[in-house]
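Coordinate analysis (summary)
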Number of protein chains: 2
Amino acid sequence: MRALILGGGGFLGRKLAGALAARGSLRGAAISRLAQVDLAAPEPVSGAEGLALDITDRAATAALLGQGWDAIFHLAAVVSGQAEAELETGLAVNLQGSLNVLEGARAAGGAPVLVFASSVAVYGGDVPDPLHDFVALQPQTSYGAQKAAVELLVSDHARRGLIDGRSVRLPTVTVRPGKPNAAASSFMSSIFREPLQGQTANCPVGEDYPIWHCSPRVVIRNLIHAAEVDGAALGATRAFALPGRRDTVGEMIAAMTRVAGPEAATRITWERDPVIERIVMGWRAGLRPDHALRLGFVADASFEDNIRGFLEDDVAA
Amino acid sequence: MRALILGGGGFLGRKLAGALAARGSLRGAAISRLAQVDLAAPEPVSGAEGLALDITDRAATAALLGQGWDAIFHLAAVVSGQAEAELETGLAVNLQGSLNVLEGARAAGGAPVLVFASSVAVYGGDVPDPLHDFVALQPQTSYGAQKAAVELLVSDHARRGLIDGRSVRLPTVTVRPGKPNAAASSFMSSIFREPLQGQTANCPVGEDYPIWHCSPRVVIRNLIHAAEVDGAALGATRAFALPGRRDTVGEMIAAMTRVAGPEAATRITWERDPVIERIVMGWRAGLRPDHALRLGFVADASFEDNIRGFLEDDVAA
């Protein structure tokens with residue numbers, strides 16, 4: 001089992017590499033090669049390689065994919081805020097880069113498993129709630145549109161037997177460790193991560209803003225399950241929402257208070273940001289991920305668990 | 001009003017050019033320039049220009065689009081049969097070519113109206129009937145997947161105000177004049193066109209195969225309406241099915257017999273073609289095009305009218 005993580009230097013890529021290295025196998029086979037690939041070669045987890053690749057470079061992508069991989073996790077992307085601010089960059093990386101990955105995978109042969117990290121940002125527009133597995137996609141960000149377009153191409157490559165593709169729509173993953181980034185959803189981690197560590201953070205939306213979210217632990221477990229689930233069980237529905245929880249910002253802050261005490265919440269400021277608000281108000285939280293639940297994907301039991309996981313995995317470490 | 005027809009040398013492009021030239025105006029403005037563009041410069045209708053362009057040529061596409069157009073009809077594509085047989089060709093023309101068109105349109109500025117000819121081929125898969133305006137797309141052909149991906153990018157460009165985009169999903173257009181082509185649906189015209197003119201034609205599917213179809217007259221009327229309909233009335237639903245009729249092959253043949261007598265139907269042979277069948281069985285006929293009907297798009301009253309229209313417009317001429 002040779003496993004490749006594109007976007008392997010990012011927060012999820014590193015956690016995924018760590019989880020794969022720790023379990024040592026995937027799809028019932030021992031992992032013989034594990035590579036973390038990113039624009040700059042990542043510092044790999046123990047047992048993995050760190051490789052540099054710009055997926056907008058078609059030839060370089062073909063060369064790397066051509067080395068032969070049994071499972072490819074495609075997490076490489078520019079995030080929502082940047083894709084909205086820079087249409088050309090988003091199209092180059094999120095769309096054309098993904099096309100290069102698909103081209104490389106089909107040229108390599110062997111129909112590798114390809115897990116594409118899509119996003120809840122594909123939902124939006126005039127589509128009525130609830131967002132079940134068979135609703136139309138009317139993304140209200142360029143990031144979401146690019147992810148949705150790639151989903152279609154992944155599914156078509158899978159239909160043709162060129163890859164064994166699975167596109168999973170990630171909830172907002174919170175609490176993310178590290179620094180704020182250019183994702184419009186970045187504050188959804190900052191307002192917990194910073195206050196829990198004695199710093200202030202701003203919440204640019206109101207307390208009643210609802211989020212479809214999951215913890216890093218759960219999303220890593222689901223990404224691995226996405227590679228392992230039986231392709232035949234997917235049917236034609238090879239792009240689908242992962243389970244998540246729907247909570248408002250206020251409910252999540254209350255959960256943080258129950259775990260860590262009342263101090264943290266006092267460090268949150270509440271200045272509205274119309275740019276962020278315009279993007280995230282186009283997102284949706286009313287999902288019904290029946291397909292994923294039937295296939296054994298999971299959600300967090302509570303946001304309290306999520307806060308505890310962050311304190312254990314990222315603050316203690 | 002400067003109007004550009006990409007794919008202007010094809011059957012629909014020529015009819016559209018003729019209709020636009022005949023009415024002389026679009027969106028309430030006199031047409032001052034009308035161009036039919038295709039791989040080889042088309043013989044233009046009276047009052048139009050014929051120009052050569054390969055939309056896979058990014059620079060040439062940018063140069064043509066940069067000349068300044070108020071309305072762009074994007075009908076240029078490789079058809080379903082070819083896109084299924086040659087994945088790379090379909091991706092190059094239907095996807096990358098369309099990306100070049102969008103790039104040219106956004107670089108030109110002025111947010112031109114862009115009517116993208118999508119297709120009922122975007123529907124399929126595990127999505128339950130009826131196919132209303134808010135159902136997921138699980139295309140079962142590469143042609144359909146490429147069209148669906150472009151729809152998303154057209155809608156995103158429209159959302160950003162870069163174009164005033166509208167993607168309309170064409171039913172199977174029958175009866176097409178001329179020769180059979182590489183479209184998997186080609187037989188749906190052949191079995192009427194050839195027998196009505198004394199020749200034999202083969203039907204590769206059974207009599208009970210249902211088709212979502214419309215006549216050339218109606219689709220041209222709807223394409224023009226797609227350019228004229230008020231953008232604000234579309235909301236976020238800028239990709240939608242055009243009205244059509246659902247009839248079986250057998251019902252359509254009966255209609256031909258009622259108009260033209262019993263001779264024609266005896267010229268149809270019934271040899272199954274598994275390649276064609278595999279493609280067209282993935283298509284769907286149970287559509288509910290409510291959005292389009294509300295916006296004033298129309299369907300044929302009967303297939304008899306459609307046969308009469310073919311005899312008047314294409315056989316007599």
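Remember, it's a predicted structure, so these values are computed and weren't measured experimentally.

**Some thoughts on the overall build of chain A**
On a plain count of helices and strands, chain A comes out with 13 helices and 14 strands. In terms of overall dimensions, chain A has a C-alpha envelope of 55 × 45 × 40 Å along the principal axes. Counting across all 317 residues of chain A, residues that qualify as buried make up 58%. A sequence separation of at least 24 residues applies to 76% of the contacts in chain A between residues at least 6 apart.

**Observations regarding the interface of chain A and chain B**
If you look at the interface, chain A gives 38 residues, while chain B gives 38 residues. Three residues stand out in chain A for area buried against chain B, namely Phe134, Leu152 and Arg159 of chain A, and they jointly supply 21% of the buried area on that side. Across the contact surface, chain A and chain B share six salt bridges. Between Glu84 of chain A and Arg160 of chain B there is a salt bridge, and its shortest N-O distance comes to 4.0 Å. On the surface where chain A and chain B come into contact, there are 23 residue pairs in polar contact (both at pLDDT 80 or more).

**Re the layout of surface pockets**
Of the voids in this model, the largest pocket is the one considered here, and its volume is about 1000 Å³. For the largest pocket, the lining is made up of 44 residues, of which Leu75, Ala77, Val79, Arg176 and Asn181 of chain A are closest to its centre. Put simply, the parts of the chain that give the lining of the largest pocket at least two residues each are α1 (11–23), β4 (33–38), α3 (80–85), β7 (113–119), α5 (142–159) and β9 (172–173) of chain A. Here the element with the most residues in the lining of the largest pocket is α1 of chain A; it accounts for four residues. In terms of residue class, the lining of the largest pocket is made up of 24 nonpolar, 14 polar and six charged. Structurally, the lining of the largest pocket is a two-domain feature, drawing no fewer than three residues from each of domain 1 (2–171 + 215–241) and domain 2 (184–211 + 245–285 + 301–315) of chain A. Roughly 910 Å³ of volume is contained in the second largest pocket. What lines the second largest pocket is a set of 38 residues, and nearest its centre among them are Leu75, Ala77, Val79, Tyr143 and Arg176 of chain B.

**Section: helix α12 (residues 303–315) of chain B**
Since the α-helix advances by 3.6 residues per turn, residues separated by three or four positions end up pointing in the same direction. Residue and element names in this part refer to chain B. Residues Phe303, Glu304, Asn306, Ile307, Gly309 and Phe310 constitute the buried set of α12. In this fold, the buried residues of α12 make contact with α6 (187–196), β11 (210–214), α7 (216–228), β13 (245–248) and α9 (249–260). Taking the backbone nitrogen of Glu304 as reference, a side-chain oxygen 3.4 Å away marks Ser302 as the first, capping residue of α12.

**Thoughts on the pattern of salt bridges**
All chains considered together, the criterion is met by 44 salt bridges over all chains. Here Arg238 of chain B makes a salt bridge to Asp164 of chain B, at a shortest N to O gap of 2.8 Å. Taken as a pair, Arg238 of chain B in the loop between α8 (231–234) and β12 (239–241) and Asp164 of chain B in strand β8 (residues 164–170) lie far apart in primary sequence, 74 residues in all. The pair formed by Arg238 of chain B and Asp164 of chain B is uniform in burial state, with each residue classed as buried. Ionic contacts of the salt-bridge type, sharing partners, join the residues Glu84 of chain A together with Asp156, Arg159 and Arg160 of chain B into one network.

**Here we look at the nonpolar core**
Ranked by size, the top nonpolar core spans 136 residues in total, and within it Phe192 of chain A together with Phe192 of chain B carry the most contacts. Apart from residues no more than four positions distant in its own chain, Phe192 of chain B is found in contact with Thr174, Val175, Met252, Ile253, Met256, Phe303 and Ile307 of chain B. With 37 residues, the next largest nonpolar core counts Leu170, Cys214, Ile220 and Phe240 of chain A among its residues.

**Focus: the pairing of strand β6 (residues 71–74) of chain B**
All names here are of chain B. Alternating positions in β6 separate into two faces, Ala71 and Phe73 on one and Ile72 and His74 on the other, with burial throughout. Across four bridges, β6 lies against strand β7 (residues 113–119) in parallel orientation. Residue pairing for β7: Phe73 is matched across the bridge by Val115.

**What to know about the sheet that holds β7 of chain B**
Residue and element names in this part refer to chain B. If you walk across this open sheet you meet the seven strands as β5-β4-β1-β6-β7-β8-β12, and the pairing is parallel. Whereas interior strands pair on both sides, the edge strands pair on one side only; in this sheet they are β5 (49–52) and β12. With direction set aside, neighbouring strand axes in the sheet form an average angle of 20°. Bridge analysis of β7 against β8 gives seven bridges, and the strand direction is parallel. Within β8, the position partnered with Val115 by the bridge is Arg166. Across the sheet, helix α1 (residues 11–23) lies against β1 (2–6), β4 (33–38), β6 and β8, angled at about 175° from β4, the strand it touches most. Relative to the sheet, helix α5 (residues 142–159) contacts β7, β8 and β12, its axis offset from that of β7 by approximately 155°.

**Quick look at the relation of the copies chain A and chain B**
Between the two chain copies there is a screw-like relation: a rotation about an axis and a shift along it. In screw terms, the move from chain A to chain B is a rotation of 180° and a rise of 0.0 Å along the axis, fitting with an RMSD of 0.0 Å. Such values leave the two copies arranged in the relation of a two-fold axis. Most of the interface of chain A is mirrored in chain B: 100% of its interface residues are interface residues there too.

**Describing helix α2 (residues 58–65) of chain B**
All names here are of chain B. Among the residues of α2, those classed as buried are Thr61, Leu64 and Leu65. Looking down the long axis of α2, one finds its buried residues gathered within 95° of arc, a one-sided arrangement. If you check the start of α2, you find a side-chain oxygen 3.3 Å away from the backbone N of Ala59, and it comes from Asp57.

**Observations regarding unusual backbone geometry**
The omega torsion of the bond from Asp129 of chain A to Pro130 of chain A falls at -5°, within 30 degrees of zero and hence cis. Turning to its location among the elements, Pro130 of chain A is positioned in the loop between β7 and α5. Thr174 of chain B connects to Val175 of chain B through a cis peptide bond whose omega is 10°. Mapped onto the elements, Val175 of chain B comes out in the loop between β9 (172–173) and α6. With phi around 55°, Arg27 of chain A is a residue other than glycine that occupies positive phi space. Positionally, Arg27 of chain A belongs in the loop between β2 (25–26) and β3 (29–30).

**Observations regarding the UniProt feature "domain: NAD-dependent epimerase/dehydratase" (unreviewed entry) in chain A**
Look at the UniProt record and you will see "domain: NAD-dependent epimerase/dehydratase" (unreviewed entry) annotated at residues 3–208 of chain A. Overall, residues 3–208 of chain A shows 37% helix and 19% strand. The separation of its end C-alpha atoms is 41 Å.

**Focus: empty space enclosed by the protein**
For the structure on display, the rule yields two cavities of 30 Å³ or more. When its volume is computed, the largest cavity comes out at roughly 50 Å³. Of all the elements, strand β11 (residues 210–214) of chain A adds the most residues to the lining of the largest cavity, at three residues. Per-class residue counts for the lining of the largest cavity are eight nonpolar, one polar and one charged. Estimated volume of the second largest cavity: approximately 30 Å³. Lining the second largest cavity, in full, are Arg176, Lys179, Pro180, Asn181, Ser186, Ser189 and Arg193 of chain B. Taken together, the residues of the lining of the second largest cavity sort by class into one nonpolar, three polar and three charged.

Basis of the calculations
Residues numbered from 1 in each chain as written. Chains lettered and ligands numbered in written order. Predicted model: local features only at pLDDT ≥ 70, side-chain atom pairs only at ≥ 80, totals over all residues. Heavy atoms only, no water. Helix = DSSP H or I, 4+ residues; strand = E, 2+ residues; numbered from the N terminus. Buried < 20%, exposed > 50% of the residue type's maximum accessible area, 1.4 Å probe, protein only. Contact = heavy atoms within 4.5 Å. Buried area = accessible area lost by both parts, 1.4 Å probe. Salt bridge = Lys/Arg side-chain N within 4 Å of Asp/Glu carboxyl O. Polar contact = N/O pair within 3.5 Å; in protein donor to acceptor, adjacent residues only side chain to side chain. 1 Å grid on protein atoms, 1.4 Å probe; cavity = no way out; pocket = protein on both sides within 12 Å on 5 of 7 lines; lining within 4 Å. Points joined across faces, edges and corners; volume = space filled by probe spheres on them. Nonpolar A, V, L, I, M, F, W, Y, C, P; charged D, E, K, R; others polar. Domains from an automatic or database assignment. Core = buried A, V, L, I, M, F, W, Y, C linked by side-chain atoms within 4.5 Å. Pairing = 2+ DSSP bridges. Axes fitted to C-alpha atoms, helices over the stretch in contact; angles between N-to-C directions. Least-squares fit on C-alpha atoms with pLDDT ≥ 70 in both. Arc of directions from axis to C-beta. UniProt positions renumbered as here; feature names shortened; annotations may be inferred.

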